[in-house]
Amino acid sequence: MADAPNLPISENLNTKNGNFICGVVEGFYGRPWTTEQRKELFQKMKKWGMDSYVYAPKDDYKHRAYWRELYTVEEAEHLTSLITAAREQNIKFYYALSPGLDITYSNVKEILALKRKLEQVSQFGCDAFALLFDDIEPEMSEADKEVFQSFAHAQVSVTNDIYQHLGQPKFLLCPTQYCATRAVPNVTNSEYLNTLGSKLAQEIEIMWTGPKVISRVLTKESIQEITDVLRRPPVIWDNLHANDYDQKRVFLGPYSGRSPDLIPKLRGVLTNPNCEYGANFVAIHTLAQWSRCNVDGQRDLTLNDSVSADIKLETETEDGMSGEDVPLTLSANMYHPRQALRNAITEWLPEFSRHKNAWGPIAKPQPAVAIAPVPIIPSINTCMSLTTSTTTTNTATTSVMVATTPVVNTTQLQALAEVSANESLINPLPGPVMNSLVSPTKVICNEAIPNPITPAPIPVKVIAENELPPPNITILNGSSKDLDGKAENDKTDVSNESSLSPSEPMDCNSTPNISPAHNPKNADSSDDVAMSEVSLSSGTGSASSSLPLSDAMLVENPPQEIENERKQSDQLTVEDLQLLCDLFYLPFEHGGQGLQILQEFNWLKSNAQVVINANRAAENTDCKNAPEAQEWRMRAEKMNEMTVGINRLLQRLSMCNNRELLHDLHSYAWDIRGVISLLNSYIKWLAGGHFPSSMPSYTQGTYTCTHHQRVEFLFLVYFSCFCRYFSFLSSSTRRVFCRALFFKCIVFFFTLGFSKGWKETFMSGDQEPWVFRGGLTADLQRLIPVDSGNDLFVYKAPDVPSCKVYTVRPYLASDEDSVYSICTRTCKDGLEDCHPYPEKYKHLHADRIVGPYVAFHPEFCIVVQDECEVVGYACAALDYKKFRVKQELAWIPEMCAKYGKLEDAENNSELSKFAKEGIGYFHKFADEPTLNNISQSSSMVCSLLPSVLDQSVGKQLVTCLLAALRANGSFGVHVIVNAADSYTHSFYGKLGFSENTSQVIPGKIVMARSF
């Protein structure tokens, strides 16, 4: 695999001889790709030497939900144009149908409907087909049981019949047991798989995902095992880059974990990639490179006679990380993932400069649910488990700093992973069906058509009804629609909130409660209901809010300043894309630079005590610049540089010409930039040394479980495994115990802390990656020492790409005027008092609200600024009672003297009622009721200017403050707001504060949150 991506692609001999299929299966859940995107894909596939495309979008209108319905003239034109475009690029177009949800295999009318549908597509010029029986209940109807010996016999009968009826074309079958973990009881002894192998026509190829739904590694042994059972080599349906199970993750890493040695043992590989079309350049490009190779560049090169043994290897990646060996020189037939990634990035870079428009606001294409996610748990290689000890070395001294972690039995963890992955907790509502075959550039959606597919259960925590936001759907003409209501117009441009919501790329969905076959349409409806247009980026999930737009579909063009004043320094570079790919690498591993951020932050947090030691020894000139403190500050500066680089990446990405590609990537880059910026803000706060030496006991999760908790947890694990394997227990019984297990596991591991067992268990690939969601973003979030702060990371990404950067940092003395100004401008229900104030009273409300905090506890004051100025603050006092005493002794007397007597203020006609109340606060302070025995012992205030529209800014600001309080032993904070101040009440409510009804102050509301 030569490092020359700009040269013409070499001929792919593996696909040219027709014995190996290599290409793409559009088989994910969520918003399908558009007609134009598919045609562009065909061109790229031809250029890269690939030969096959499978049309199988799970949520496309007539592929699965309404598989019986024939295509309209308009739809037929689009599908025909796709088939023709594929043929022109020498790409074999496989048309796939998924009838398994509600088909009756023994019903002649059903089989005729299936034949009629495929016959229609064959008339469009299609000569290759596929039947997909994945993600369905493995049970036959009573009618089928009277005809067929088994579920496998029913599928084989129908598939062979269709294959013969269509004239024995190229044909693929996806079985219900499509991976080793779905095989019952195992691959070798599966009656289902053995029936397929012996009864299915030998010319029909069978698809297989490997050991798992998402397989980290495919081995020759596992391929040989399934080949023996199926009596033919499998076609790999590869979900390595699939991201339809997690809205926080997109996979930009190279094709990996599959040696080119497998190619002679396979019938082909089809990648089922990211939902976002533009995010798949690397995934598809590197698969194409892999398919042209026959030597594994990751093996020990000295063992391969065809490769010179003196090839030098790099032990560091280009980003300075110690990692896998990357050969400096590779032959054209040798594959190495990191080199393949470099080649792909070099060719991907010009795509960002192409002028392409985007339709509608930014939104995630994956299925979404309108409920909050479970508490975040690190995914595979979080540095909480990677870095169990830290060593700081210099020529004079060596200090070893160890973050103690308990050991967890990996067998118990694996049992947890299996149960969590296979048992359900809740059932989300189905979303509207979609259609990608009536517009060249948009996906169409209409809620008037019921979705017959029962969504797959998702393991998430159910929110109380009173905590849920009102369900609505973004309508791109400015109107909003309740789920139970009607839209203002029958035809509207709608962004899809939620389609099928699987807990995994391929998942078992129960037989639909509503079937198009048995539910006739309304008499006044036509065969095909008119559908409304959806943007290329459709629904955003529960955080979505209506976006006021004109009646016309929003078209986002590159900003004019980009066209006229684009600077060389504003253009994306190969290094920027390398960073982007490392941040969103693969399901089972982070890229080098992403891993470096994890390690650096964890090291800095774990070794922050050297800052305290340096501060204590500051007067001793011999110890003022201790090597340990120097190293800590040097690595803190390195962390800051990495944060600056990620900010720069987002700004350059936001200015690129290819707005369609930007819409696919922006929300991911924006999200992780915010989290990394927050980590950097916390490190800056740690640099001040305002925390006790006992901080690790508050932030490292070293609290232990009781014996009762351990016994209860183990009982639930083993009983849930028992439930899983013994079918005489009802599904509801199994679900009840697995639900209890899931939430107990959350509590157990949050109490226990993450241990040495996590890395070994979850890097092994023995679990599916959706068991613990969120990827690098979640791993980074979990390192913030705010245990119950998951809600602080739930916020809506911008609807329109933005390169505006907000920086959260510790308060400086020079910020006082800015903080006072913000407080004054937001003091009255989020706004400034419109009544003019005399000069003497201009700081009245700031002195009342925020002044004591910045005077007595500047170490617990955090500010946020944009490129120009400070735009918000969050200030706290560690101990409310001590803080109140300080105010009464040292602040209130000074303020009473500053603003004069209360009776003078009452008689001052220049002062508003609101101002007089503020002066009265100082004079009546001693008489005000105090809070007694409140568990949230810290107090705080927070405010942002109304110009800050980014929902994440306030949450990041508060998260940093809560982390600072946690480092000092606080586990709860409260605020006191005026009962009539609805804006402030709502503001804190969105930050996770709830009313504390046990604390009563007349005219006030006490709101609190624990962390």
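Residues numbered from 1 in each chain as written. Predicted model: local features only at pLDDT ≥ 70, side-chain atom pairs only at ≥ 80, totals over all residues. Heavy atoms only, no water.

Caption draft 1: Molecular detail of the overall build of the protein chain. Looking only at helices and strands, the protein chain has 31 helices and 28 strands in total. For the protein chain, buried positions account for 60% of its 1011 residues. Considering only contacts within the protein chain whose residues lie at least 6 apart along the sequence, 81% involve residues at least 24 apart. With the model as given, the accessible surface of the protein chain reaches about 39700 Å², and the carbon-plus-sulfur share is 52%. (Helix = DSSP H or I, 4+ residues; strand = E, 2+ residues; numbered from the N terminus. Buried < 20%, exposed > 50% of the residue type's maximum accessible area, 1.4 Å probe, protein only. Contact = heavy atoms within 4.5 Å. Areas by Shrake-Rupley, 256 points an atom, 1.4 Å probe, with all protein chains shown as cover.)

Caption draft 2: Structural context of the confidence of the model for the protein chain. Mean pLDDT over the protein chain stands at 77; residues scoring 70 or higher make up 69%. Of the regions scoring below 50 in pLDDT, residues 722-733 engages in 13 contacts with residues more than four places distant in sequence or in other chains. Long-range and interchain partners of residues 746-758, a stretch whose pLDDT sits below 50, account for 51 contacts in this model, where long-range means more than four residues apart. (pLDDT = per-residue confidence, 0-100.)

Caption draft 3: The arrangement of the pattern of salt bridges in detail. By the definition in use, this model includes 29 salt bridges. Across the salt bridge formed by Asp 815 and Arg 809, the nearest N and O atoms sit 2.8 Å from each other. For the pair shown, Asp 815 and Arg 809 are each scored as buried. Salt bridges linked by common partners bring Glu 40, Lys 44, Glu 351, Arg 354, Lys 356 and Glu 660 together as one network. (Salt bridge = Lys/Arg side-chain N within 4 Å of Asp/Glu carboxyl O.)

Caption draft 4: Summary view of the packing of helix H27 (residues 880-899) against helix H29 (residues 913-923). Between H27 and H29, the shortest axis-to-axis distance is 8 Å and the interhelical angle comes to 135°. Looking at the two axes, H27 sits oblique to H29. Remark: the crossing between H27 and H29 carries left-handed chirality. Facing Gln 887, Trp 891, Ile 892, Met 895, Cys 896 and Tyr 899 of H27, the residues of H29 in contact are Ile 919, Tyr 921, Phe 922 and His 923. Class assignment for the residues of the contact of H27 with H29 results in eight nonpolar, two polar and no charged. (Axes fitted to C-alpha atoms, helices over the stretch in contact; angles between N-to-C directions. Parallel < 35°, antiparallel > 145°, perpendicular 65-115°, else oblique. Left-handed = near helix turned anticlockwise from the far one by under 90°. Nonpolar A, V, L, I, M, F, W, Y, C, P; charged D, E, K, R; others polar.)

Caption draft 5: View of the sheet that holds strand S5 (residues 170-174). Strand order in the closed barrel formed by eight strands is S1-S2-S3-S4-S5-S6-S7-S8, and the pairing between neighbours is parallel. Mean inter-strand twist for the sheet, computed between neighbouring axes without regard to direction, equals 25°. With four bridges joining them, strand S1 (residues 21-26) and strand S2 (residues 52-55) adopt parallel strand pairing. When the bridges of S2 are listed, Gly 23 appears paired with Ser 52. Those strands touched by helix H4 (residues 108-123) are strand S3 (92-97) and strand S4 (128-132), and its axis lies near 160° from that of S3. (Pairing = 2+ DSSP bridges.)

Caption draft 6: Summary view of the nonpolar core. Counting residues in hydrophobic clusters, the biggest one holds 208 residues, and the most contacted among them are Phe 93, Tyr 95, Trp 348, Trp 632, Val 850, Met 940 and Tyr 988. With 15 residues, the single largest contributor to this core is helix H18 (residues 659-686). Residues within four places of Val 850 in sequence aside, it is in contact with Val 819, Tyr 820, Cys 823, Tyr 873, Cys 875 and Val 941. Judged by nonpolar contacts, the second largest core, of 23 residues, contains Val 25, Ala 96, Leu 172 and Trp 770. (Core = buried A, V, L, I, M, F, W, Y, C linked by side-chain atoms within 4.5 Å.)

Caption draft 7: Main features of unusual backbone geometry. Note the cis peptide between Val 184 and Pro 185, where omega equals -5°. The phi dihedral of Asp 135 is positive, around 60°, even though this residue is not glycine. Assignment of secondary structure puts Asp 135 in the loop between S4 and helix H5 (142-145). Overall, Asp 135 belongs to the buried group, its relative accessible area being 1%.

Caption draft 8: Representation of the environment of Tyr 983 within the structure. Here Tyr 983 lies in helix H31 (residues 982-990). When its relative accessible area of 37% is taken as the criterion, Tyr 983 is described as partly exposed. Along the chain, Tyr 983 and Lys 828 lie 155 residues apart, while their C-alpha atoms are 8.9 Å from each other. In this view, Tyr 983 contacts Asp 829 and Gly 830; residues no more than four positions away in its chain are not counted.

Caption draft 9: Structural context of the sheet that holds strand S24 (residues 870-877). Ordered by their spatial adjacency, seven strands build an open sheet running S22-S23-S24-S25-S26-S28-S27, and the pairing between neighbours is mixed. Of all the strands in the sheet, just strand S22 (807-810) and strand S27 (994-995) have a single pairing partner and so form its edges. Looking at chain direction, strand S25 (residues 938-944) and strand S26 (residues 972-978) are connected through two bridges and run parallel. In the strand pairing of S26, Ser 939 is matched with His 974. Taken strand by strand, H31 contacts S25, S26, S27 and strand S28 (1004-1010), and its axis lies near 110° from that of S25.

Caption draft 10: Looking closely at the packing of H4 against helix H6 (residues 151-165). At a minimum axis distance of 11 Å, the contact between H4 and H6 shows a crossing angle of 40°. As far as their axial angle goes, H6 and H4 are oblique. Crossing of H4 against H6: the hand is right-handed. Contacts between H4 and H6 involve Ile 111, Leu 114, Lys 115, Leu 118 and Glu 119 from the first element and Val 158, Asp 161, Ile 162 and His 165 from the second.

Caption draft 11: Structural context of the packing of aromatic side chains. Tallying each qualifying case throughout the model produces 33 aromatic pairs. For the pair Phe 601 and Tyr 682, a centre-to-centre distance of 6.2 Å together with 45° between the ring planes defines the contact as tilted. Here Phe 601 is found in helix H15 (residues 592-606), whereas its partner Tyr 682 is found in helix H18, with 81 residues between them in sequence. Using a relative accessible area of 0% as the deciding quantity, one classes Tyr 682 as buried. Among the aromatic residues, ring-to-ring pairing joins Phe 42, Tyr 53, Tyr 55, Tyr 71, Phe 93 and Tyr 95 into one connected group. Lying across the ring of Trp 603, Arg 635 places its NZ or CZ 4.0 Å from the centre. Taking NZ or CZ as reference, Arg 884 lies 4.1 Å from the ring centre of Phe 925, over its face. (Phe/Tyr/Trp six-rings, centres within 6.5 Å; stacked < 30°, edge-to-face > 60°. Lys NZ or Arg CZ within 6 Å of the ring centre and 35° of its normal.)

Caption draft 12: Spatial organisation of helix H8 (residues 220-230). Of all the residues in H8, the buried ones are Ser 222, Ile 223, Ile 226, Thr 227, Val 229 and Leu 230. Seen along its axis, H8 keeps its buried residues to an arc of 165°; they face one direction. The inward-facing, buried residues of H8 contact helix H7 (191-199), strand S6 (205-208) and strand S7 (235-238). A positive backbone phi angle near 60° is found at Arg 231, which sits one or two residues after H8. (Arc of directions from axis to C-beta.)

Caption draft 13: Main features of the environment of Ala 964. Here Ala 964 shows up in helix H30 (residues 951-967). Taking the C-alpha atoms as reference, Ala 964 lies 9.6 Å from Ala 876; in sequence the two are 88 residues apart. Residues contacting Ala 964, with those up to four places away along its chain left out, are Tyr 682, Trp 685 and Phe 860.

Caption draft 14: Up close: the pairing of S25. Within S25, seven of the seven residues are buried, leaving the element largely enclosed by the surrounding structure. The alternating pattern of S25 places Ser 938, Met 940, Cys 942 and Leu 944 on one face and Ser 939, Val 941 and Ser 943 on the opposite face, and all of these are buried. In the sheet, S24 pairs with S25 via six bridges, with the strands oriented antiparallel. What sits directly across from Ala 877, in S25, is Ser 939. With respect to chirality, the unit in which S25 leads through H30 into the neighbouring parallel S26 is right-handed. (Right-handed = clockwise from strand over helix to strand, strands pointing away.)

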